[in-house]
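Geometric and topological summary
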Amino acid sequence: MKKEVIFEHPNLTLTYYPDESGILETWKGFTEFELFAELLDKTINFMIEKGAKNLILDTRQHKGLNPKGNEHGANVCVQHAKKYGTMKHAIIVPDYIFSKLSVDNFVKNVKDEHGESLVINAYFKELDEALDWIRKD
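The text that follows walks through the structure, step by step, so that each part is easy to find. (Residues numbered from 1 in each chain as written. Predicted model: local features only at pLDDT ≥ 70, side-chain atom pairs only at ≥ 80, totals over all residues. Heavy atoms only, no water.)

Right, let's get into the environment of Leu24. Structurally, Leu24 is set in strand E3 (residues 22–29). Measuring from C-alpha to C-alpha, the distance between Leu24 and Leu127 comes to 9.0 Å, with 103 residues separating the pair along the chain. If near-sequence neighbours (up to four positions away) are discounted, Leu24 is found in contact with Thr13, Leu14, Thr15, Tyr17, Ile56, Asp58 and Leu127. (Helix = DSSP H or I, 4+ residues; strand = E, 2+ residues; numbered from the N terminus. Contact = heavy atoms within 4.5 Å.)

In this fold, Thr43 is placed in helix H1 (residues 33–50). Apart from residues no more than four positions distant in its own chain, Thr43 is found in contact with Leu12, Leu14, Ile23, Glu25 and Leu55.

Okay, the pattern of salt bridges next. All told, the structure shown has 6 salt bridges when counted by the stated rule. The shortest N-O distance in the salt bridge between Glu4 and Lys50 comes to 3.7 Å. Of this pair, Glu4 sits in strand E1 (residues 4–9) while Lys50 sits in helix H1, placing them 46 residues apart in sequence. Asp58 is the salt-bridge partner of Arg60, the closest N and O atoms lying 2.8 Å from each other. Arg60 sits in the partly exposed class, given a relative accessible area of 35%. (Salt bridge = Lys/Arg side-chain N within 4 Å of Asp/Glu carboxyl O. Buried < 20%, exposed > 50% of the residue type's maximum accessible area, 1.4 Å probe, protein only.)

Before going further, it helps to spend a moment on the packing of H1 against helix H2 (residues 67–84). Between H1 and H2, the least distance of the axes is 10 Å, while the angle of their chain directions is 15°. The angle between the axes of H1 and H2 places the two elements in the roughly parallel class. For the crossing formed where H1 meets H2, the hand is right-handed. Residue-level inspection shows Phe33, Phe36, Ala37, Leu40, Ile44, Met47 and Ile48 of H1 in contact with H2, the latter providing Lys68, Gly69, His72, Gly73, Val76, His80 and Tyr84. (Axes fitted to C-alpha atoms, helices over the stretch in contact; angles between N-to-C directions. Parallel < 35°, antiparallel > 145°, perpendicular 65-115°, else oblique. Left-handed = near helix turned anticlockwise from the far one by under 90°.)

Further remarks concern unusual backbone geometry. Despite not being glycine, Ser21 has its phi angle at roughly 50°, a positive value. Within the secondary structure layout, Ser21 lies in the loop between strand E2 (12–17) and E3. According to the relative accessible area criterion, Ser21 is buried, its value standing at 18%.

A word on the nonpolar core. Counting 25 residues, the largest nonpolar core has Leu14, Ile23, Met47 and Met87 as the members making the most contacts within it. Those elements that provide at least two residues to this core are E1, E2, E3, H1, strand E4 (54–62), H2 and strand E5 (87–92). The element that contributes the greatest number of residues to this core is H1, accounting for 6 residues. Once residues within four sequence positions are removed from consideration, Met87 is found in contact with Met47, Lys53, Asn54, Leu55, Cys77, His80, Ala81, Leu118, Val119 and Ile120. The next biggest cluster of nonpolar side chains, apart from the first, holds 12 residues, and it includes Tyr17, Leu24, Ile56 and Ala122. (Core = buried A, V, L, I, M, F, W, Y, C linked by side-chain atoms within 4.5 Å.)

And the structure:
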């Protein structure tokens, strides 16, 4: 499995998986809305640059995101999928309760944006499980 770290920030590492046409977002710490929006824009720009169709969201080291950030994230993903096609969005479930709430709110916001057929969410405990799911048609 080929992979390449394409971006590093204290709150986010982006790793590109060319065979899975995906980008792994590994979030760390707590992320204020403005920083989250800036880093999400970088993620989407890398998706476009690399031609990646899928996202893997690893929030196991993240300490949560406010509701505004969740709504923004869902909207950005749905708009990207409307323009570039259906996106598989693998979510590696965190143990931290506030991160779990953030993930749940993100998925709810995707549904509220009527993007559930464009952004297909699935939950996993480990990265390997998420990558296996993305590889399946």
